[in-house]
Amino acid sequence: MRRKVIISTISAVAVAAVVGALLVTERFPSRAAPAAPPAVPTVPVVAGTVNSSDVPIYLQGVGTVIAYNTVIVRSQIQGQITKINFTEGQTMKTGDLLAVIDPRPYQAQLNQANANRARDEAQLTNAQFNLKRYTTLGNQGWATPQLVETQTAQVAQLNAAIKADEAAIEWAQTQLSYTQLTSPIDGVTGIRQVDIGNIIHPTDPNGLVVVTQVEPISVIFTLPETSLPQIQQHLANGALKVEAFSQDNTMKLDEGSLDFIDNEIVQTTGSVRFRANFPNKEHKLWPGELVNAWLLLDTRHDGLTVSASAVQQGPQGPYVYVINADSTVAVRPVKVAQVSGGQALIDSGLSAGEQVVVDGQYKLQPGIHVTILHGKAAQEAAAQAAQQMPIP
């Protein structure tokens, strides 16, 4: 009985100790270990460096290739074509034979004119002998003055007839020469309009073929009238170079020089027309082709350039995201002089050697941390940004 009382007492004490410990824990809870600071969010971007180099300053305009000479080869006589001496698209020189018209009728006219002259020359010889005899007889009193004067007039008449015969011969020779159609200029032939065996006429509207000069060739392009004072100023120091590019600016077609400035401004568009001359030795410029003309105005030494994709447009104008030394970004307003060949020429706002964001700007805000991607990761990011870029 006594053992039971002792055990009950011990149990009560243990329970009281446990309850007290719980009360103390609830009233005085233990302090938790300090939490780790949250990770700073970073944005992956592709970066580029501000470069310093000699940068050409271009003015760009849309132009049309114009041939200096385009000739429709027409016949000046009527006749049947007996020979075609060219192929379409062939390069011709001045005087090269293109086609032959049946020469027989015109050769007959020339032969007749020569025969007429020979007849009149024989008559003239006889008349001159008679005049000599009549003059001798008249001096001796055996011929009247009227007979001598008549014979003198006949000699003059036959001299005039011979001159007319010579003119007829020249005309017949000219007509005969027209039976050979030759190229009047150096150029390239177009599509033939008349086939062999057909009758060609001087009044045919399309003629035989069109020959177009391609060496040299010109490009007429337009620029805003505000550019005219700059161009005139630089033109006074020497000729200005002009480069012709394809419409997508991926292929350089030829290099030439500024040849002519139009004498008036087009009031409806506020633009000025210019003409550039190109040697076109490789025939990459073709008459009627639309091209982009790049007029080299000047070369800026130690110009600052960045990738054109780094420049963003905002309410206050163009700006770029500059990467600071602590890997944060800041917005920097810039002034852009020109964008050419994927590079933007910066007038002000950047310094050589600074790093700027060239891709991934849509995720950025001023002060945010960035991680610079390199190599394949940078290429993938650029491709993904191109897919996510909204259609304008």
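Quick caveat, the model's predicted, so the values are computed rather than measured.

What counts and what doesn't
Residues numbered from 1 in each chain as written. Predicted model: local features only at pLDDT ≥ 70, side-chain atom pairs only at ≥ 80, totals over all residues. Heavy atoms only, no water. Helix = DSSP H or I, 4+ residues; strand = E, 2+ residues; numbered from the N terminus. Contact = heavy atoms within 4.5 Å. Pairing = 2+ DSSP bridges. Expected span 1.5 Å × (residues − 1). Buried < 20%, exposed > 50% of the residue type's maximum accessible area, 1.4 Å probe, protein only. Salt bridge = Lys/Arg side-chain N within 4 Å of Asp/Glu carboxyl O. Core = buried A, V, L, I, M, F, W, Y, C linked by side-chain atoms within 4.5 Å.

**Examining the side chain of Ser 75**
With respect to the element layout, Ser 75 can be found in the loop between strand E3 (70-73) and strand E4 (79-84). The residues touching Ser 75, leaving out its near neighbours within four places in the chain, are Ile 101, Leu 181, Ile 200, His 201 and Pro 202.

**Here's the deal with the sheet that holds strand E6 (residues 97-101)**
Reading across the sheet, the four strands line up as E7-E6-E4-E9 and stay open at both edges, with antiparallel pairing between neighbours. With partners counted over all chains shown, the strands left at the sheet margins are strand E7 (180-182) and strand E9 (199-200), one partner each. As defined by bridge partners, E6 adjoins E7 across three bridges and the pair is classed as antiparallel. The residue bridging Val 100 from the neighbouring strand is Gln 180, located in E7.

**Structural notes on the side chain of Gln 361**
Checked against the element boundaries, Gln 361 lands in the loop between strand E21 (355-359) and strand E22 (369-373). Every residue in contact with Gln 361, bar those within four places of it in the chain, is listed here: Ser 309, Ala 310, Gln 312 and Tyr 321.

**Concerning helix H2 (residues 104-140)**
Here H2 spans 55 Å end to end across 37 residues, near enough to the 54 Å set by a 1.5 Å rise per residue. Here H2 has its buried residues at Tyr 106, Leu 110, Ala 113, Asp 120, Leu 124, Ala 127, Asn 130 and Leu 131. Trailing H2 by a residue or two, Gly 141 shows a phi angle of about 85 degrees, which is positive.

**Details of the sheet that holds strand E8 (residues 187-189)**
The strand order E3-E10-E8-E5 describes an open sheet built from four strands, whose pairing is antiparallel. Across the chains shown, the open sheet's two edge strands, defined by having one partner strand only, are E3 and strand E5 (91-92). Of the strand pairs in this sheet, E3 and strand E10 (residues 209-212) are connected by four bridges, and their pairing is antiparallel. Its bridge partner being in E10, Val 71 is matched across the sheet by Val 211.

**Focus: the pattern of salt bridges**
Counted under the stated rule, the structure contains twelve salt bridges. A salt bridge links Asp 347 to Arg 300; its shortest N-O distance comes to 2.3 Å. Separated by 47 residues along the polypeptide, Asp 347 in strand E20 (residues 343-348) and Arg 300 in strand E15 (residues 290-307) bring together distant segments of the chain. A single salt-bridge network, built from bridges that share partners, covers Lys 241, Glu 243, Lys 252 and Glu 255.

**A word on helix H3 (residues 145-177)**
With 33 residues, H3 should cover 48 Å at 1.5 Å per step; its first-to-last C-alpha distance of 48 Å lies within 8% of that length. Taken residue by residue, H3 has Val 148, Gln 151, Val 155, Leu 158, Ile 162, Asp 165, Ile 169, Ala 172, Gln 175 and Leu 176 as its buried positions.

**Brief notes about the nonpolar core**
One finds Phe 221, Ile 231, Val 242, Phe 274, Phe 278 and Leu 285 to be the most contacted residues of the largest nonpolar core, which totals 22 residues. At the level of secondary structure, the elements contributing two or more residues to this core comprise strand E2 (51-66), strand E11 (217-224), helix H4 (228-235), strand E12 (241-245), strand E13 (252-266), strand E14 (271-278) and E15. Apart from residues lying up to four places away in sequence, Phe 278 is in contact with Pro 216, Ile 217, Val 219, Val 242, Glu 243, Ala 244, Asp 254, Glu 255, Gly 256 and Leu 285. Among the nonpolar cores identified, the runner-up in size contains 21 residues, and Phe 86, Ile 101, Val 194 and Ile 200 belong to it.

**Concerning the pairing of strand E17 (residues 317-323)**
In terms of residue burial, E17 counts as a mostly covered element, since six of its seven residues are buried. Of the strand pairs in this sheet, strand E16 (residues 312-314) and E17 are connected by three bridges, and their pairing is antiparallel. Its bridge partner being in E17, Gly 314 is matched across the sheet by Gly 317. Joining the antiparallel neighbours E16 and E17 is a turn of two residues. Bridge count between E17 and strand E18 (residues 329-333): five bridges; the pairing is antiparallel. Residue pairing in the sheet places Val 320 in a bridge with Arg 332 of E18. Linkage of E17 to E18, two consecutive antiparallel strands, is achieved through a turn of five residues, within which Ser 327 is found at a positive phi near 70 degrees. Looking at chain direction, E17 and E21 are connected through two bridges and run antiparallel. Looking at the pairing, Ile 323 lines up with Gln 355 of E21.

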